[in-house]
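A closer look at the structure
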Amino acid sequence: MSQLQAVNDFVVKFANVNGSGSASANKLFAQAVLRMGVPATPRNIFPSNIQGLPTWYEVRISDKGYMGARGGTDLMVAMNPQTWDADIKSIVPGGYLFYDSTRAIPASKFRADINVIGMPLTQICNAEYTLSRERQLFKNIIYVGALAALLDMDTDAIKGLLADQFKGRDKLIQANYHALALGHSYALANLPCPIGLRLEKSDKVGDRIFFEGNAAAGLGAVYGGATVCAWYPITPSTSLAEGFTKYCERFRKDRETGEKRFAIVQAEDELASIGIVIGAAWNGARAFTATSGPGISLMQEFLGLAYFAEIPAVLFDVQRAGPSTGMPTRTQQCDLLSAAYASHGDTKHVLLFPEDPNECFTMGAEAFDLADRLQTPIFVMLDLDIGMNDRLCEPLVWDDSRKLDRGKVMTAEDLESGRVFGRYLDVDGDGIPYRTYPGTHPTKGSYFTRGTSRDRFARYTEEGAAYQDNMERLLHKFATAAKIVPGPIRRDAKEPTRLGAIYYGSTAPAMDEAVDLLTEQGIALDILRIRAFPFSEDVERFIEDHDQVFVVEQNRDAQMRTMIINELEINPKKLQRVLHYDGSPITARFISGSLAETAASLKIVPLRKAVS
Amino acid sequence: MTFLPKPKLHHPKLASNALGFTRRDYEGSISTLCAGCGHDSISAAIIHACFELDLPPHRIAKLSGIGCSSKTPTYFLGNSHGFNSVHGRMPSVLTGANLANRELIYLGVSGDGDSASIGFGQFAHSIRRGVNMTYIVENNGVYGLTKGQFSATADKGAKNKRGVPNNDEPIDMVSMALQLGATYVGRSFSGDKTQLVPLIKGALTHKGAAFIDCISPCVAFNNHDGSTKSFDYVREHNAAVNFLDVIETRDEITADYAPGTVEIVRQHDGTYLKLRKIANDYDATDRISAMNYLQTHHARGEIVTGLLYVDPDAEDMHAALGTAMAPLNGMSDEALVPGNAALAKLNASLR
Ligand SMILES: Cc1ncc(C[n+]2csc(CCOP(=O)(O)OP(=O)(O)O)c2C)c(N)n1
Ligand code: SF4
Ligand SMILES: [Mg+2]
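Definitions and cut-offs
- Residues numbered from 1 in each chain as written.
- Chains lettered and ligands numbered in written order.
- Predicted model: local features only at pLDDT ≥ 70, side-chain atom pairs only at ≥ 80, totals over all residues.
- Heavy atoms only, no water.
- Helix = DSSP H or I, 4+ residues; strand = E, 2+ residues; numbered from the N terminus.
- Rg over C-alpha atoms; globule rule 2.2 N^0.38 Å.
- Buried < 20%, exposed > 50% of the residue type's maximum accessible area, 1.4 Å probe, protein only.
- Contact = heavy atoms within 4.5 Å.
- Areas by Shrake-Rupley, 256 points an atom, 1.4 Å probe, with all protein chains shown as cover.
- Lys, Arg positive; Asp, Glu negative; His and termini not counted.
- Charge placed at Lys NZ, Arg CZ, Asp CG, Glu CD.
- Near = heavy atom within 4 Å.
- Polar contact = N/O pair within 3.5 Å; in protein donor to acceptor, adjacent residues only side chain to side chain.
- Nonpolar A, V, L, I, M, F, W, Y, C, P; charged D, E, K, R; others polar.
- Pairing = 2+ DSSP bridges.
- Axes fitted to C-alpha atoms, helices over the stretch in contact; angles between N-to-C directions.
- Donors = N, O, S within 2.8 Å, 3.2 Å for Na, K, Ca; no water.
- Buried area = accessible area lost by both parts, 1.4 Å probe.
- Salt bridge = Lys/Arg side-chain N within 4 Å of Asp/Glu carboxyl O.
- Patch = residues over 30% accessible without salt bridge, like charges linked within 9 Å, V, L, I, M, F, W, Y side chains within 5 Å.
- Phe/Tyr/Trp six-rings, centres within 6.5 Å; stacked < 30°, edge-to-face > 60°.
- Lys NZ or Arg CZ within 6 Å of the ring centre and 35° of its normal.

1. Quick word on the overall build of chain B
When its secondary structure is counted, chain B shows 12 helices and 13 strands. For 351 residues, the compact-globule estimate of 2.2 N^0.38 gives 20 Å, and chain B sits close to it at 21 Å. Dimensions of chain B along its principal axes, counting C-alpha atoms only, are 75 × 50 × 50 Å. By residue count, 57% of the 351 residues in chain B fall in the buried class. If you take every contact in chain B between residues at least 6 apart in sequence, the share linking residues at least 24 apart comes to 70%. For chain B, the accessible area works out to roughly 13700 Å², and carbon and sulfur atoms hold 52% of it.

2. Some remarks on the overall build of chain A
When its secondary structure is counted, chain A shows 21 helices and 23 strands. For chain A, whose C-alpha radius of gyration is 27 Å, the value lies close to the compact-globule estimate of 25 Å for 612 residues. For chain A, the spread of C-alpha atoms along the three principal axes comes to 85 × 75 × 45 Å. Residues counted as buried form 61% of the 612 residues belonging to chain A. Across chain A, the fraction of contacts at a sequence separation of at least 24, relative to all contacts at a separation of at least 6, is 75%. Total accessible area on chain A is roughly 23200 Å²; 51% of this is exposed by carbon and sulfur atoms. Within chain A, the 75 negative side-chain charges are centred at a point lying 3 Å from the centre of the 66 positive side-chain charges.

3. Quick word on the site of ligand 1
Residues and elements named next belong to chain B. Around ligand 1, a shell composed of 17 residues is seen, among which Cys68, Ser69, Gly113, Asp114 and Gly144 lie nearest. With respect to ligand 1, the side chain of histidine 39 contributes an N or O atom lying 2.9 Å from an oxygen atom. A total of 590 Å² of accessible area belongs to ligand 1 in isolation, and the protein chains cover 77% of it. Breaking the shell around ligand 1 down by element, the ones donating at least two residues are α2 (68-71), α4 (112-118) and β5 (142-143). Element by element, the count of residues in the shell around ligand 1 is highest for α4, at three residues. Looking at side-chain class alone, the shell around ligand 1 contains five nonpolar, nine polar and three charged residues.

4. Some points on the sheet that holds strand β8 (residues 209-215) of chain B
The nine strands lie next to each other as β17(A)-β2(B)-β1(B)-β3(B)-β4(B)-β8(B)-β7(B)-β13(B)-β9(B), forming an open sheet whose pairing is mixed. On the outer flanks of this sheet lie β17 (448-449) of chain A together with β9 (238-240) of chain B, each paired with one strand and no other. Bridge count for strand β1 (residues 60-64) of chain B against strand β2 (residues 81-84) of chain B is four bridges, and the pairing is parallel. Residue pairing for β2(B): B:Lys62 is matched across the bridge by B:Gly82. Where helix α3 (residues 90-100) of chain B meets the sheet, it contacts β1, β2, β3 (105-111) and β4 (133-139) of chain B, and its direction lies at approximately 175° from that of β3(B). Contacts from helix α9 (residues 287-299) of chain B reach β7 (184-189) and β13 (303-310) of chain B, with the element oriented near 175° to β13(B).

5. A short note on the coordination of the magnesium ion (ligand 3)
Those protein atoms acting as donors to the magnesium ion (ligand 3) are B:Asp112 (OD), B:Asn140 (OD1) and B:Val142 (O), and they sit at 2.1 Å. On the accessibility criterion, B:Asp112 (2% relative accessible area) is buried.

6. Notes on the site of ligand 2
Ligand 2 sits among B:Leu33, B:Cys34, B:Cys37, B:His39, B:Cys68, B:Asn140, B:Gly144, B:Cys218, B:Val219, B:Ala220 and B:Phe221. The residue inventory of the shell around ligand 2, partitioned by class, reads eight nonpolar, three polar and no charged.

7. Some words on the interface of chain A and chain B
If you look at the interface, chain A gives 71 residues, while chain B gives 58 residues. Summed over both sides, the interface between chain A and chain B buries roughly 5400 Å², with carbon and sulfur atoms accounting for 61% of that surface. Sorting the residues of chain A by area buried against chain B places A:Glu268, A:Trp282 and A:Phe448 first, and these three jointly supply 12% of that buried surface. For the pair chain A and chain B, the interface holds three salt bridges. The residue A:Lys403 makes a salt bridge to B:Glu334 at a minimum N-O spacing of 3.2 Å. At the junction of chain A with chain B, the criterion picks out 26 residue pairs in polar contact (both at pLDDT 80 or more).

8. Thoughts on the side chain of B:Ser230
Residues and elements named next belong to chain B. Take serine 230: it is sitting in the loop between β8 and α8 (231-237). At 3.1 Å, the side chain of serine 230 forms a polar contact with the backbone nitrogen of tyrosine 233. Leave out the neighbours within four places in its chain, and serine 230 touches Pro217, Asn222, Asn223 and His224.

9. Focus on the pairing of strand β22 (residues 548-553) of chain A
Residues and elements named next belong to chain A. Across the six residues of β22, six count as buried, placing the element largely inside the fold. Residues Gln548, Phe550 and Val552 of β22 are buried on one face, and the alternating residues Val549, Val551 and Glu553, pointing to the opposite face, are buried as well. Examined bridge by bridge, strand β19 (residues 499-504) and β22 share four bridges and lie parallel to one another. Of the residues in β22, the one forming a bridge with isoleucine 502 is valine 551. Relative to strand β23 (residues 575-579), β22 runs parallel, the two being bridged by five bridges.

10. A word on a positive patch on the surface
Together, A:Lys246, A:Arg250, A:Arg255 and B:Lys345 make up a region of like positive charge exposed at the surface. Structurally, the position occupied by A:Lys246 is in helix α8 (residues 238-251). On the basis of relative accessibility, which here comes to 46%, the residue A:Lys246 falls in the partly exposed class.

11. A word on the pattern of salt bridges
Opposite charge on two side chains allows them to pair when their charged atoms are near. A full pass over the atoms with the stated rule returns 51 salt bridges over all chains. Between A:Glu268 and B:Arg129 there is a salt bridge whose closest N-O contact spans 2.7 Å. Of the two residues, A:Glu268 sits in the loop between β11 (263-266) and α9 (270-282) while B:Arg129 sits in the loop between α5 (120-128) and β4, which places them in two different chains. Across the pair, exposure class does not vary: A:Glu268 and B:Arg129 are buried alike. Two residues, A:Arg435 and A:Asp372, come together in a salt bridge whose shortest N-O distance is 3.3 Å. Here A:Arg435, found in the loop between α15 (412-416) and β17, pairs with A:Asp372, found in helix α13 (residues 357-374); they are 63 residues apart in sequence, far enough to count as distant. A relative accessible area of 2% means that A:Asp372 is categorised as buried. Each of A:Arg286, A:Asp369, A:Asp372, A:Arg402, A:Arg406 and A:Arg435 takes part in a single network of salt bridges with overlapping partners.

12. Digging into the packing of aromatic side chains
Across all of its chains, the model carries 29 aromatic pairs over all chains by this definition. Plain terms: the ring middles of A:Trp84 and A:Tyr99 are 5.5 Å apart, the flat faces sit at 75° to each other, and that makes the pair edge-to-face. With A:Trp84 in helix α2 (residues 84-89) and A:Tyr99 in strand β6 (residues 91-100), this pair connects stretches of sequence that are 15 residues apart. Owing to a relative accessible area of 11%, A:Tyr99 belongs among the buried residues under this scheme. Aromatic side chains A:Trp84 and A:Phe110 sit 5.5 Å apart centroid to centroid with 85° between the ring planes, which places their arrangement in the edge-to-face category. One end of the pair, A:Trp84, is in helix α2; the other, A:Phe110, is in the loop between β6 and β7 (115-119), with 26 residues separating them in the sequence. A relative accessible area of 7% means that A:Trp84 is categorised as buried. Of note, B:Lys62 hangs over the ring of B:Phe76, and the distance from its end group to the ring centre comes to 5.8 Å.

What follows is the structure, encoded as structure tokens:
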């Protein structure tokens, strides 16, 4: 039988039962690979419950640094009898199955074209430990030890991680070392070590860090100067508010008095969350909420108010698939339209699309400057794939000379000096008016905030002309936004091509890899990563520069494509849909496959072939 | 309807308060509500209370939802920032504003539709959280602005203008507020200024969630026979339990009172609440018996008014959160941004 051979380039998938404590052991494995200098990208695939249902943890190991999901499993660590059949099926021919052989499994349950490695994990555990909690937890560490032997890994990396994790608790460290050694020596003595998949020390990780997108965004909010956070728990956004809480506790608590330079409220629902954010932002504090699609739906009315009343709110939308039953723990990019045009009346909102934890941090901070400068809601559009997974990314940096940009705010001195204050008056020609914080001056600068029905000086009026005047200014402000939001990043193929692809957010790593796969097939592709809405002129130019442009997205209705057509008045025929929306992260194989197929059906001859 | 500026003609004999402000300095633009609407009397009482307390108008933030009642902040405190938000959601906006700057005085104005129907949840949760605010519901039993539909405070059996009775049980906002932990609870009547003004003053000086249910007849849609929120009905059924005086220092309390007839309560900010008892058996510092009293007297068809409950030692949301004393909206970059060195350390822990 064939045995898959690969060094530093394979996919390991762990099939576990939710709540069995496997998550930390699996993460330990991924981190150990990283400590060996080999890029590894884990993805949690988990159900919407707390205990008992299947979960998977997939680790893509790639010396080339590919971080998108790949599809297929080279080594399956099958610890969940419930999902056995499907797990066995997902192994590529010649791949490996590692399982707990304590209880005999009928031969019909295996496949002939895979390599089966059984280890009596439960039996080993039961012989060693008496407490049931210990049995469960150490079983996970034992299989990590066995994997290390099978993959020819260096156990020092694992031990180093355990020592870091349990720093100061020597007994725990020793107990973990013991379990690790148990698995490792059993495997060396009884199993065919090493198998065809092997790990070798490398230098491809560099100084990159391994961080979760939600935590990074929460940290970004700390650096962005956010002081008020109001939220309502919803997967996959919860760990963002928790991240903010954790870093505030670390960085914003007075050492002596314990006073907190932040306020976090777990609100009664998303309506209250956004209401609190709007109230705080109106009153001059930087405020945000973290939510997902259903929460955005509930916030619609308030978002209209914030748009018309020009309140600088920040929303982190960690997107997930559809409504609240079934798929809430699966990833998608499906809230673009409901965010971009949220609410009643003519509204448009600014969206940012981070690609990884590093950008979750930078955009998470920048969103607050943008909100204050533009005095409008800013959405940071994460998704479950980057939000809830640890991902290798560039280390975080902060320019200490940077000042928080509070936008156009008139102070008591400004008002005293006789400067004219009109809350909705465009003095600088950029559509952005000045505001005052409540309580600024005894007699000057106060105003009454309401949706519409007011003139440039915030005085009540129901006159159509005043309404229209304001609506035109808001459009002008949106045009200003297009100039100051993060611009798209373009990467052209080595040779000229008529094909382009537009993508955004968590699709980035799969796209990078797809470009290489297509190049191997002789298809050259220029790519543009959109980082914000409204679109900069560069997006239009990119589309003009190509005959066909693929818009790669993780939703059914091609939402980004719709926005491009709508906002830039592009001929829809020029924009090809490439849509992945089954709830799993998009893969490079999917992108390259559908691009190649569409390119063929469009009879687009690769330029190289046309020329030769 | 466009903005109606109010002629700012200062009457030479207009009295001024300790800040040198006259009553006019606490007014807003001219009301556009129906002539005789109870809400206008409440606006007048708010102006009166703020003037007498010598509050700097610009240090008050007035917030409201949507409705005739929620329009009123335009008609008082013209030098204060105001926020006419969305229907039923004033409490969350006020909560956020309060989080941003704990030093301002927050006045929330709402209607019975705004707070008991669409915004019942936000009303409840803002009270639960102990937001330091004065929350006034201008209660007329109907949706005035949408032309007279019953609201959730309409009594069962009360008839609308066309004679159709309301079949649903009413929500008693005062009982709710007590149950939810409001630390200052009053009920009054827009037609009784002498009772209402001190109640508002007490609420404005209270630290914590102060709630006032003010019955405020809607002359356009709910002032007919068969209504239980009409001027006549409320006057006939009003059962005040006490009469409140808000006093700035103890020195002002001079008179001798018969034992058991007056109660003096010292609030956080140093003001005193002097309560002259009307109902001898009513104790405004006992929450459980207050709730009991309300239920008993409600069953007799009485509308119990007065200062129904006060906890003078209440704490607010900021105390529970442990927020810094300095307002969050005024913090410097240095106080908020941890800087690059902290990031470098964090990076090292993430490898
Ligand atoms: C979301 C939403 N639904 C409905 C309305 C229409 N609406 C405006 S005011 C109002 C009722 C107001 O009643 P209440 O709070 O009692 O105020 P009143 O006018 O009686 O003072 C309604 C239903 C609205 N503005 N927003
Ligand atoms: S409709 Fe009723 S509540 Fe509204 S202004 Fe007229 S009287 Fe007042
Ligand atoms: Mg009403």
